[in-house]
2 protein chains.
Amino acid sequence: MKQKRFFLSESEIPTQWYNIQADMPVKPMPLKDPKTGQAMTPEDLFPMFAKECARQELNTTDRWIEIPAKVREMYTYYRSTPLVRAYGLEEALGTKCHIYFKNESVSPVGSHKLNSALAQAYYCKEEGVTNVTTETGAGQWGTALSYAAKLFGLEAAVYQVKISYEQKPYRRAMMQLFGAQVTPSPSMSTRAGKDILTKTPNHNGSLGTAISEAVELARTTPNCKYTLGSVLSHVSLHQTIIGLEAEKQIAMAGDYPDEVIACFGGGSNFGGIAFPFMRHYYDGTHKDTRYIAVEPASCPKLTKGKFMYDFGDEAGYTPMMPMFTLGHNFAPANIHAGGLRYHGAGVIVSQLLKDGVMEAMDVDQIETFEAGMLFSRSEGIIPAPESCHAIAATIRRAKEWDAKGESKVLLFNLTGHGLVDMTAYSQYLSGNLINYAMSDEEVQKNIDAITF
Amino acid sequence: MKQKRFFLSESEIPTQWYNIQADMPVKPMPLKDPKTGQAMTPEDLFPMFAKECARQELNTTDRWIEIPAKVREMYTYYRSTPLVRAYGLEEALGTKCHIYFKNESVSPVGSHKLNSALAQAYYCKEEGVTNVTTETGAGQWGTALSYAAKLFGLEAAVYQVKISYEQKPYRRAMMQLFGAQVTPSPSMSTRAGKDILTKTPNHNGSLGTAISEAVELARTTPNCKYTLGSVLSHVSLHQTIIGLEAEKQIAMAGDYPDEVIACFGGGSNFGGIAFPFMRHYYDGTHKDTRYIAVEPASCPKLTKGKFMYDFGDEAGYTPMMPMFTLGHNFAPANIHAGGLRYHGAGVIVSQLLKDGVMEAMDVDQIETFEAGMLFSRSEGIIPAPESCHAIAATIRRAKEWDAKGESKVLLFNLTGHGLVDMTAYSQYLSGNLINYAMSDEEVQKNIDAITF
């Protein structure tokens, strides 16, 4: 019988994260203070983040960073996650390619987000922080942080985009079950929220407003830190456990990836699976592997956005970051892949894309759900709408290689399951989904409208 | 670091199911034809079930039954499931007991139900069947059968209890995504459904009516077989893969269970985890292990029901079975653990309970959700309401042993996750859950009212 799933024993699970910044010949440009225009130091970030996270954020020298023992212990609750040879999908496609996926959906909270939530909660606890706060849209990150906070005895306050709070009661209930206080944003509990609600009563909320509320809470509350689920470099660092495991596991299967494929929101799952393999681009042992970030056609920051300094949030509370962006005021279309509805890309990925180390493609919403259905029926796992982007791209690539008569090894990241996204699948099944591709003109109009 | 999870390699996964009937000195009493009163043969069951399932149902001689190669291959999509040492829960309880759980929630469909769905779909396919049908309440079994049918190229028709069809759109969408036709029951598509709907318009449906519709469809359609997710002996047989794996895994952990604990609906997950260990009761190597079936206090067939011949369904389409029952017309209270809302127990378990080989306890709804919340926060996995019964019982037992100053090894079966049951948790969190314990008088009144 052909082996389907590959696991590492607990002693084989990596004990260090990989910091790609150390290997990049061209380092990411610095974060800048929006008021002074000065490059920021870790100390500048201490008021907002755990100190260790702030240091990791700007660490461009240490290739390997120890995973704290307590975080490693919590990783064993669900890691290693399986690397799976997608025999079912291969058969359904009739492809000669070898398709593998790293199944991060088996984490307790159903997605890869926990890999960083555990680390951030741990560092906060170690530094004497008592309260953590964050924002969440669809709720994957909020769920992960709520669980991690409970494990480490921290109080968590999550601002959930109001429309999601109302439309996704399952995710909200998960966060509450893990003990978090969940507030629909905008709320009257912060100045940012009050400003919005007095100006625009019944505002539905957005990730931008929720970030502003969470950041404000952290800044104005003693012993309270802000945490983030993607975009930042230390978040991608924590996610490299994915690729480091996958590298060992795919070797057990006797393969090495020709292409590494991941969906793209802020960059953390992409970086998590791709960066460890990219180190062999830098050390010269595997120069030809391709790294493909897949974004929604409705939010095409990598394929059509502009590389420039921009804010990470709508209100302009964050540092200025050198990123591919559609503009921090950009309001993405209401696609179901809520985790990909973000205007900008993390600074490392932006630099790598600029330098041609990686590439990007965009996919329309309906194609992603088609891919999700085929995957569900052939592999039995219902993927999150975000993950469907990676699956759709993988299917495209397999077909392209088949058309050329070549067999390649494709590896994609299954970031999460779609069990709490079944209303999206229902819409797809009933033919009520819509595509929202942005034209070059629309993108340009948005970029022209960026104001600081 | 202490090892948390134990897996088997694919080559260590059991290749045979364990048929406890071969070891039982007192065999279960026969199924009887309701019309003739005669003991039924496998041939009598052929019109309803796949032939091989009918043979397995009544096989009291072969201790081991080969798992077909194709089923074993599909098992590798998710098996072995992890055996987990519940360090988090142990710490939360401050117990000296070793608590383990077998995590069946990692199956593609989120529960143990797939273990039998794959087998039943396989046998149907092998025997030239083209269509399968079944009923489902909450939807765990319907989801499993829908996926298994798709894998083996069968068309699946699922009758879902109408109130669940409307209240649980996520489960319904999962079945549809896997390609099944889902019909709310009672429907106008069968005579049984028409009779009910003309007599009682706007009937909400029940498991009893849904079984009647599915059985009728199978009987009146060429090449269509009926499948069932619990109660029957061949279903428990397929589930023994759980206990056979667990036995190897707990040995890897250096332990052997003093108590094996599982929730109880019809008996298949209980039998699945308990029967393989019970064979060491029969072979004399482990005489003292206790086997505890946990049922809702609102549906206490094992603790308060009567052992007698009864139907498996409300309409009386099934064979007469010797079982502990509350009466086939019994309408269980509307608890969230839909999978445990069934009036009777399988014939093997009924005989074992009668013979004192196993025992039963009942738990109230609120205690089960308290246990589910503690488990979620300490182990990170949100359990299905059904599984919460096993957790609640395990917590009780651990506390009892601690009070005696003894450390025991407790093993329970985590049958499924509760990700599509978050509305139930929301009700619990908001204090709106209700207990529905039945008194002895109420049980007696139901049993007195049984009519044939």
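Computed from a prediction, not measured in an experiment: that's the story for all the values here.

Residues and elements named next belong to chain B. Across the sheet, seven strands lie side by side as 1-4-5-15-10-11-14; this open sheet has mixed pairing. A strand with exactly one partner marks an edge of an open sheet, and here the two such strands are strand 1 (5–6) and strand 14 (359–363). Bridge count for strand 1 against strand 4 (residues 83–85) is two bridges, and the pairing is antiparallel. Its bridge partner lying in strand 4, R5 is registered against V84. Against the sheet, helix 11 (residues 233–252) engages strand 1, strand 4, strand 5 (98–103) and strand 15 (409–414), with an angle of about 140° to strand 5. Across the sheet, helix 15 (residues 365–379) touches strand 4, strand 5, strand 14 and strand 15, and the angle it forms with strand 14 is around 90°.

The subject of this paragraph is the relation of the copies chain B and chain A. Expressed as a screw operation, the relation of chain B to chain A combines 0.0 Å of axial shift with a rotation of 180°, fitting to an RMSD of 0.0 Å. Accordingly, the operation relating the two chain copies is best matched by a two-fold axis. A share of 100% of interface residues in chain B that are also interface residues in chain A marks the association as one of identical surfaces.

Residues and elements named next belong to chain A. Counting through the fold element by element, Y317 comes out in the loop between strand 12 (306–311) and strand 13 (320–325). Residue Y317 is classed as partly exposed on the basis of its relative accessible area, which comes to 25%. Sequence-wise, Y317 and G208 are 109 residues apart; in three dimensions their C-alpha atoms are separated by 9.9 Å. With residues up to four places along the chain from it excluded, the contact list for Y317 reads M48, A192, S212, V215, E216 and R219.

With that out of the way, let us pick up the pattern of salt bridges. When their charged atoms lie close together, side chains carrying opposite charge are able to pair. All names here are of chain A. All chains considered together, the criterion is met by 36 salt bridges over all chains. The partner of D421 in a salt bridge is K168, and the shortest N-O contact between them spans 3.7 Å. Remark: K168 occurs in the loop between helix 7 (162–167) and helix 8 (169–177) and D421 occurs in the loop between strand 15 (409–414) and helix 17 (422–429); sequence separation between them is 253 residues. Accessibility classification places D421 together with K168 in one group, the buried group. We note a salt bridge from E359 to R290, for which the minimum N-O separation is 2.8 Å. Taken as a pair, E359 in strand 14 (residues 359–363) and R290 in strand 11 (residues 290–296) lie far apart in primary sequence, 69 residues in all.

Residue and element names in this part refer to chain A. Taken together, four strands build an open sheet; the order of strands is 8-7-6-9 and the sheet is parallel. In the strand order of this sheet, the two ends are held by strand 8 (181–185) and strand 9 (224–226), each with one partner. On average, adjacent strands in this sheet sit at an angle of 25° to one another, irrespective of strand direction. Judged from the three bridges that link them, strand 6 (residues 131–136) and strand 9 form a sheet pairing that is parallel. Within strand 9, the position partnered with T133 by the bridge is Y226. Here helix 6 (residues 140–151) sits on the sheet and contacts strand 6 and strand 7 (155–161); the angle it forms with strand 6, its principal contact strand, is near 165°.

With that settled, the discussion passes to the state of the cysteines. All names here are of chain A. All chains considered together, the criterion is met by zero disulfides over all chains. This cysteine, C388, is not joined by any disulfide, and C263 carries the nearest cysteine sulfur, 9.4 Å off. Given a relative accessible area of 0%, C388 falls into the buried group.

In this section: the domain arrangement of chain A. Note on interface size: it is often stated as the accessible area lost on association of the parts. All names here are of chain A. For chain A, the assigned domains read domain 1 (46–64 + 113–233) and domain 2 (80–110 + 236–448). When each unit is reduced to the centre of its C-alpha atoms, the spacing between domain 1 and domain 2 is 23 Å. If you look at the interface, domain 1 gives 36 residues, while domain 2 gives 33 residues. Taken over both partners, the interface formed by domain 1 and domain 2 buries close to 2600 Å², and the fraction arising from carbon and sulfur atoms is 58%.

Here the focus is unusual backbone geometry. Glycine aside, a negative phi is what most residues show, and trans is what most peptide bonds show. Here the residue pair R79 of chain B and S80 of chain B is connected by a cis peptide bond, since its omega of -5° sits within 30 degrees of zero. Locating S80 of chain B in the fold gives a position in the loop between helix 3 (69–75) and strand 4.

The next thing to look at is the nonpolar core. Among the nonpolar cores identified, the biggest contains 223 residues, and W17, F270 and M278 of chain A together with W17, F270 and M278 of chain B are the most heavily contacted of them. Filtering out sequence-adjacent residues up to four positions away, M278 of chain A remains in contact with I20, F270, Y291, L352, V357 and M358 of chain A. Counting 25 residues, the second-largest nonpolar core is a separate cluster that includes A86, M361, A371 and I391 of chain B.

Reading guide: rules and limits
- Residues numbered from 1 in each chain as written.
- Chains lettered and ligands numbered in written order.
- Predicted model: local features only at pLDDT ≥ 70, side-chain atom pairs only at ≥ 80, totals over all residues.
- Heavy atoms only, no water.
- Pairing = 2+ DSSP bridges.
- Helix = DSSP H or I, 4+ residues; strand = E, 2+ residues; numbered from the N terminus.
- Contact = heavy atoms within 4.5 Å.
- Axes fitted to C-alpha atoms, helices over the stretch in contact; angles between N-to-C directions.
- Least-squares fit on C-alpha atoms with pLDDT ≥ 70 in both.
- Buried < 20%, exposed > 50% of the residue type's maximum accessible area, 1.4 Å probe, protein only.
- Salt bridge = Lys/Arg side-chain N within 4 Å of Asp/Glu carboxyl O.
- Disulfide = S-S within 2.5 Å.
- Domains from an automatic or database assignment.
- Buried area = accessible area lost by both parts, 1.4 Å probe.
- Core = buried A, V, L, I, M, F, W, Y, C linked by side-chain atoms within 4.5 Å.

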